[in-house]
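What follows is each chain in one-letter form.
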Amino acid sequence: MLSRNDLQIVGEYLKDLSTVRSEMLLKEFDLETETGCIVKSLIDLMNRFYPEYMRSQIHHNRVERPESVYWACHDMISLDQEMMKVVSLSTKLNIVGIDLVSLGILDSCICHPREVFRPAILRSAAGVILVHNHPCGDPSPSEEDKTTTNAIREAGKILGIRMVDHVILAKGSLYSFEDDRIIDMLALEETILAKEADSNL
């Protein structure tokens, strides 16, 4: 049976999993101990199932907030190179497909409107959300990101496919062009957990 202190340690390390690579966390544990074994098992389960579960669920819901995109494209946040995906949406903002449209280098990802809208057209999408990652950990948009966003938005107007948002993902945070702000996913999670705890009192 784990002590209260061990449970607190496990909780803190699982929270850190959103911002730190799991192999870094495991280096700080003695994997021969009960706590270490449990943390490793939980990390393995989360790495394997949680992102896939969130992605599967998000297809049944409307993508009304950029936070939804964070989970739908969660696999991008741990990559060492930039990647661009397009999330195709129905008229009711349900996800009808997620397609890779560009694979770049460490800090750059060139993407032309034709690559973005080709899968959207094939999926008869009414709108798209452009998504890419920043391996550096800072989701703030570069000037190139801003230029790309404007080009995709204007091309969408011509094609009749609305660009709903452009979301930049990083470990534990994201930037939404639509909201024009960085969203701290860890702080959001803490707020949700606090509200759930209050409601259970």
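These lines cover the structure that appears in this document, whether it is placed above or below. (Residues numbered from 1 in each chain as written. Predicted model: local features only at pLDDT ≥ 70, side-chain atom pairs only at ≥ 80, totals over all residues. Heavy atoms only, no water.)

So, on to the overall build of the protein. In terms of regular secondary structure, the protein is built from seven helices and six strands. Listed N to C, the secondary structure of the protein is α-α-α-α-β-β-α-β-α-β-β-β-α in terms of helices and strands. Taking contacts inside the protein between residues at least 6 apart in sequence as the whole, the part at least 24 apart equals 63%. About 11,400 Å² of surface is accessible on the protein, with carbon and sulfur atoms providing 54% of the total. (Helix = DSSP H or I, 4+ residues; strand = E, 2+ residues; numbered from the N terminus. Contact = heavy atoms within 4.5 Å. Areas by Shrake-Rupley, 256 points an atom, 1.4 Å probe, with all protein chains shown as cover.)

Once that is clear, we can look at the nonpolar core. As a rule of thumb, nonpolar side chains are buried together in soluble globular proteins. In this structure, C73, L89, I129, V131 and L169 are the most contacted members of the largest nonpolar core, which totals 21 residues. For this core, the secondary-structure elements that each account for two or more residues are helix 4 (66–72), strand 1 (83–89), strand 3 (127–133) and strand 4 (162–170). With 14 residues, the next largest nonpolar core counts V101, C111, A120 and A125 among its residues. (Core = buried A, V, L, I, M, F, W, Y, C linked by side-chain atoms within 4.5 Å. Buried < 20%, exposed > 50% of the residue type's maximum accessible area, 1.4 Å probe, protein only.)

Side chains three or four residues apart in an α-helix point the same way, a direct result of the helix having 3.6 residues per turn. Along its 17 residues, helix 6 (residues 143–159) runs 25 Å from first to last C-alpha, staying within 8% of the 24 Å computed at 1.5 Å per residue. Residues D145, T148, T149, I152, A155 and G156 constitute the buried set of helix 6. In a view along the axis of helix 6, the buried residues occupy a sector of 135°, so they form one face of it. Residues of helix 6 that are exposed and point over 90 degrees away from its buried face: E143, T147, K157 and I158. Looking at the packing, one finds that the buried side of helix 6 touches strand 1, helix 5 (113–122), strand 3 and strand 4. Positive backbone phi, approximately 80°, marks G160, located one or two places after helix 6. (Expected span 1.5 Å × (residues − 1). Arc of directions from axis to C-beta.)

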